[in-house]
Structures are given as structure tokens and as C-alpha cells.
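Chain and residue survey
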Amino acid sequence: MEHDLSLVGAMLARQLLPMLRPHRLKDARKVRVGRHFDGGYVMLDRFAGMEAAYSLGINDETSWDFDMAQRGLHVYQYDHTIDGISYQHPLFHWFKIGISGRPEPEKSLDTLERLVEANGHSGNRNLILKCDIEGAEWDMLINTPNSVLAQFSQIVVEMHNLDRIRDPGPAAVARAALINLCASHRVVHVHANNYAELTLVGGYPVPATLEVTLARVDLGEFSPSDESFPTPLDMPCNGLAADIHLGRFEFV
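Sequence order as written defines residue numbering, which begins from 1 separately in each chain. Reporting in this predicted model follows two pLDDT cut-offs: at least 70 for local features of residues, and 80 or more for side-chain atom pairs to be given and counted; totals over whole chains, interfaces and linings ignore these cut-offs and use all residues. As a rule here, side-chain values come from all non-hydrogen atoms in the structure, and water together with hydrogens is ignored.

**With respect to the pattern of salt bridges**
Inclusion rule: Every case where a carboxyl oxygen of Asp or Glu lies within 4 Å of a side-chain nitrogen of Lys or Arg is listed as a salt bridge. Here a strand is any run of E in DSSP of at least two residues, a helix any run of H or I of at least four, and the numbering for each starts at the N terminus. Residue burial is assigned from relative accessible area. The probe radius is 1.4 Å, only protein chains are included, and a residue is buried under 20% of its type maximum, exposed over 50%, and partly exposed in between.
As enumerated under the stated definition, the model contains twelve salt bridges in all. Here D226 ties to R24 by a salt bridge, and the two come within 2.6 Å at their closest N and O atoms. Taken together, the residues span a long stretch of sequence, with D226 in the segment after β15 (222-224) and R24 in strand β1 (residues 23-25) at a distance of 202 residues. R24 sits in the partly exposed class, given a relative accessible area of 37%. Between R216 and D218 there is a salt bridge, and its shortest N-O distance comes to 2.9 Å. A relative accessible area of 45% places D218 in the partly exposed class. In this structure, a network of salt bridges that share partners links the residues R125, R216 and D218.

**Focus: the side chain of H189**
Our working definition: Two N or O atoms count as a polar contact when they lie within 3.5 Å, although within protein this holds only if one can serve as hydrogen donor and the other as acceptor, and sequence-adjacent residues are included solely when both atoms are side-chain atoms. By definition, residues are in contact when any of their heavy atoms lie within 4.5 Å.
Following the sequence through the fold, H189 ends up in strand β11 (residues 185-192). Residue class for H189 comes out buried when judged on its relative accessible area of 2%. In this structure the side chain of H189 is engaged in a polar contact, spanning 3.0 Å, whose partner is the side chain of D234. Aside from chain neighbours lying at most four places away, what touches H189 is K30, V42, E211, V212, T213, F229, T231 and D234.

Function cannot be inferred from these measures alone, as they are strictly geometric.
This is the structure:
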């Protein structure tokens, strides 16, 4: 039975991993947003006309938020595990609220859909999203309507526990989340968090935690990327260890 479950997990993994294949957006260049090492992300330099950024998961790291604010975007920050942020900016709006797939007010958790509505951004498609919520991203991505995800021109999400997709349950959850996300977005950049290790999943080496940047499909013409990851813009999250080589991160 255990062998059969492993085969099912491997099959599901082979279905979901190609959705993480990076693409190149024609005539778009990339920039690093946020600090060196952990906390910075590589994104498309397509911020003109954007009105607000959502930063889900703060802890004590606000360099990405600061760079968004310096571009003139109001930044809505959510983290229920802290009592405040150490760095202030006139365009920061911090809330002691965590993100979940369903409202749980007794746990200070709410949904992205409800928060977007509360901030007066319903229907606004000039938004940016950064999500680092330590594994809760899967529940959020499954339960957030794609119409809400499609309001975000770019999405940066740290995908945790990818090593667990060897098992059918986590693989099915990740597959459903990626189907919902990739209905409106394409992956344009990947970077392995080197605080975790590579694991073989369905015969492929996969990082346990992967930083993924996605762009909305209506931004232009996408084609499979020929880049090798990490790129010169990337930096290891753990500055005391080498970055993890992903190559083209393609699955055939």
C-alpha cells in the first residue's frame, strides 16, 4: 500500500511541476526588489500604473515593502504573529491579521478576498502581491477566487513544503492551488530558498521551499524561458551557503 501511495504521489507531482516552468515575457526586464539575501525577490520591472501592494507575512522584514512604497504604492501589510513593524513609512498600513482560506476571527485570520474588499480594491487590477506565510499559502491559493488573484499584476509567493508533494495528499493540494493560480498567471522567475534542501520528487530534484514570481497573462506575450536559475539578480537566502542551482527548471 505504501508503494502504491508513492506512485500516486509521483504521478500527481509530475502533473503539477510543469506548471512551475518559468516563462519569459517579451520586452520585459527584471529587477531585484527588497534587500540582499533573504527578503529580496526578483520581479518584472512593470510597476508603472500600479496603485497598491499587499505584503502577506512580515515578521521583521520590510525591505520589499519599502521598495514598493518608494515606487509610490500604498503597502497593506498583514501578519498576526507580530505586535508591530520595526520600520515605518507613510505608505505602510499594517494589520495584526493573518491570511487563511476562510475567515477565522477567533484566530485573527481572514481571507485575501475579504481584505481586498475592505481596503476598497474590489475590481482593481493594478495591485501587486507578496506572500510568505509559512505554508498557509496553499490553503489561500485554493480558496481565493481566481477573479481576486487576477487583480494582481504580479504575484511573488514562497511555496513551502514542496518536498511533501511526494505524498498524494499534499500533491493534490498543491496541484489544485497551482491550477487556480496559473489560470490567470504565468511563472516568470524561480529561486530556491537555500535554507532548505533539494529533494527528489517524481524523479526530479525539487527545493523544499521555492520563491516563485508570476505575472498576469494579459501583460503580453509569454514563451518558455531559456534562462538558467539562479540568475545574476538572485542571491542566496542564507548568505553563508551557496545558492541552489535549478538550471532551466523544466520538467520533461
